[in-house]
Amino acid sequence: MDFSSVQGKVAIVTGASRGIGKAIAEVFAENGMKVVCAARSLDQGQSVVNNIVSKGADAIFVQTDCSNAQQIKALVDAAIAHYGRLDGFVSNAGMGMGGTPLHEYEMADYNRIFSLNSEGVFAGMKYGAEAIFKSKSDGGFLINVASVAGLMPQSGQALYTATKFGVIGMTRVAAMDYAKYGITVNAICPGYTRTSIFGDAADAAMSFFEKDCPSGRMGDPRECAYLALFLASDMARYISGAAIPVDGALSAGHKSVTTWKHPELITGEALSSRSTIAAIMEDSKGAAIVNRYLPGFADNEQVKQAYGMTFQALAPMLGLPENVMNAMLEELDQL
Ligand SMILES: NC(=O)c1ccc[n+]([C@@H]2O[C@H](COP(=O)([O-])OP(=O)(O)OC[C@H]3O[C@@H](n4cnc5c(N)ncnc54)[C@H](O)[C@@H]3O)[C@@H](O)[C@H]2O)c1
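Residues numbered from 1 in each chain as written. Predicted model: local features only at pLDDT ≥ 70, side-chain atom pairs only at ≥ 80, totals over all residues.

**Describing the overall build of the protein**
Check the secondary structure of the protein and you find 13 helices and 7 strands. Taking 2.2 N^0.38 as the reference for a compact globule, 335 residues should give roughly 20 Å; the C-alpha atoms of the protein span a radius of gyration of 26 Å, well beyond that estimate. Across its three principal axes, the protein shows a C-alpha extent of roughly 85 × 50 × 40 Å. Buried positions account for 38% of the 335 residues belonging to the protein. In the protein, the share of contacts with a sequence separation of at least 24, taken over all contacts with a separation of at least 6, comes to 72%. (Helix = DSSP H or I, 4+ residues; strand = E, 2+ residues; numbered from the N terminus. Rg over C-alpha atoms; globule rule 2.2 N^0.38 Å. Buried ≥ 20, exposed ≤ 12 C-beta atoms within 10 Å, placed from the backbone. Contact = placed C-beta atoms within 7 Å.)

**Considerations on the packing of helix α4 (residues 107-134) against helix α5 (residues 158-178)**
Where α4 meets α5, the closest approach of the two axes is 9 Å, and the angle between their N-to-C directions is 15°. Here α4 is positioned roughly parallel relative to α5, judged by the angle of their axes. The interaxial crossing formed by α4 with α5 has right-handed handedness. In this structure, α4 contributes Asp109, Tyr110, Ile113, Phe114, Asn117, Ser118, Val121, Phe122, Met125 and Ala129 to the contact, and α5 contributes Leu159, Tyr160, Thr163, Lys164, Gly166, Val167, Met170, Ala174 and Tyr178. The residue makeup of the contact of α4 with α5, split by class, is 13 nonpolar, 4 polar and 2 charged. (Axes fitted to C-alpha atoms, helices over the stretch in contact; angles between N-to-C directions. Parallel < 35°, antiparallel > 145°, perpendicular 65-115°, else oblique. Left-handed = near helix turned anticlockwise from the far one by under 90°. Nonpolar A, V, L, I, M, F, W, Y, C, P; charged D, E, K, R; others polar.)

**A word on the environment of Met176**
With respect to the helices and strands, Met176 occurs in helix α5. Put simply, Met176 and Ser240 are 64 residues apart on the chain and 8.1 Å apart in space, counted from C-alpha to C-alpha.

**Observations regarding the nonpolar core**
The nonpolar side chains of a soluble globular protein tend to be buried with one another. Counting 77 residues, the largest nonpolar core has Cys37 and Ala228 as its most contacted members. Broken down by element, the residue count for this core peaks at 9 residues, all from α4. Other than its neighbours up to four places away in sequence, Ala228 contacts Ile24, Val27, Val90, Ile143 and Ile188. (Core = buried A, V, L, I, M, F, W, Y, C linked by C-beta atoms within 7 Å.)

**Quick look at the site of the ligand**
Within the structure, the ligand sits among 29 residues, and Gly15, Gly19, Gly94, Ser147 and Thr195 are positioned closest to it. With 3 residues, the single largest contributor to the shell around the ligand is helix α1 (residues 19-30). When the residues that make up the shell around the ligand are grouped by side-chain class, the tally is 11 nonpolar, 15 polar and 3 charged. (Near = placed C-beta within 6 Å.)

**Some points on helix α7 (residues 221-232)**
An ideal rise of 1.5 Å per residue puts 16 Å on 12 residues; α7 measures up with 17 Å between its terminal C-alpha atoms. Those residues of α7 that are buried are in contact with β1 (10-14), α1, β4 (88-91), β5 (141-145), β6 (184-190) and β7 (243-246). (Expected span 1.5 Å × (residues − 1).)

**Some words on the sheet that holds strand β3 (residues 58-63)**
Judged by pairing direction, the sheet is parallel, and its 7 strands sit side by side in the order β3-β2-β1-β4-β5-β6-β7 without closing on themselves. At either margin of the open sheet sits one strand with a lone partner, and together these are β3 and β7. Along the sheet, successive strands turn relative to each other by an average axial angle of 20°, direction set aside. Pairing analysis gives 3 bridges linking β1 to β4, with the strands arranged parallel. The residue bridging Ala11 from the neighbouring strand is Gly88, located in β4. Seen against the sheet, helix α2 (residues 42-54) touches β2 (34-39) and β3 and runs at an angle of roughly 175° to β3. (Pairing = 2+ DSSP bridges.)

So, in structure tokens, the structure goes:
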């Protein structure tokens with residue numbers, strides 16, 4: 001992997017004062033990009049920039065309310081005024097809103113969330129693209145931070161989901177519009193990522209998010225930032241119009257109960273038919289032996305739940321005397 005192609009590129013990152021936007025700004029700067037950080041909070045945004053500059057990288061802060069299209073235009077103008085060009089625009093600033101059925105949202109909620117998550121993103125793409133064209137960038141890119149909610153509707157999040165579906169729609173259309181002109185347009189779709197979007201959520205709520213995710217953990221903002229860096233680089237010039245999840249398989253599909261036939265693969269033990277019930281039950285002779293010692297076991301639905309457990313572990317649960325268990329295992333070993 002060679003990220004040298006991003007060196008010297010100028011990129012705007014909105015919502016760069018914390019969370020995913022901050023991580024993207026830092027990772028861009030660490031790799032030699034010049035970063036224009038935008039957010040509403042002067043203190044927080046300037047401190048992110050100060051930290052980047054203190055490490056010898058190049059960044060400026062432009063205070064911007066991204067729900068205001070005119071301020072986004074002014075942000076692009078400020079980037080051109082300072083660096084003389086623009087190569088990329090990352091529309092990351094966004095707000096979450098959820099937890100209620102559709103009818104309980106107010107019309108004011110619609111305006112609030114659409115002005116930032118949708119209109120703000122449109123303005124970033126519009127003014128960003130114009131500036132990238134004028135800069136004659138030969139590696140121009142637009143990156144929108146959408147969400148898994150833009151791929152898979154989330155109950156209780158009618159407005160948020162609508163904005164994120166819209167962002168992915170605009171991403172795909174713009175990708176086609178600019179494909180011939182060398183500007184790539186992609187969306188990053190974070191899953192549960194540890195940022196302030198979760199506010200002061202209780203530990204119990206956080207552990208729900210961890211359990212809900214197939215990977216069993218929440219994401220780190222830098223895991224989204226690494227994808228942004230790749231999309232900004234010349235290695236990703238042929239990737240455009242994509243909405244890429246960074247979500248530990250959260251949006252891959254509906255989660256259902258799965259148990260392993262060979263958990264030894266994880267523990268590093270040698271694979272053995274004796275070590276798992278599933279492997280034994282798949283062998284007709286093995287199934288016959290087990291059925292002799294444990295009548296009805298092969299037809300028991302719970303056997304499926306027991307996949308991955310060894311007979312030794314199951315013996316006490318099944319109430320099987322140790323000598324009977326050993327006799328069965330010995331017979332199975334002869335297979
Ligand atoms: N954290 C997650 O689990 C998650 C999941 C899916 C999608 N996302 C998306 O990722 C993006 C970043 O979210 P985050 O989790 O880092 O949130 P965050 O709240 O930690 O950061 C949001 C950033 O946006 C800025 N911002 C908010 N309103 C703004 C405005 N009007 N003008 C300018 N800046 C503004 C904030 O100052 C902050 O820098 C959002 O678009 C969000 O929808 C996050």
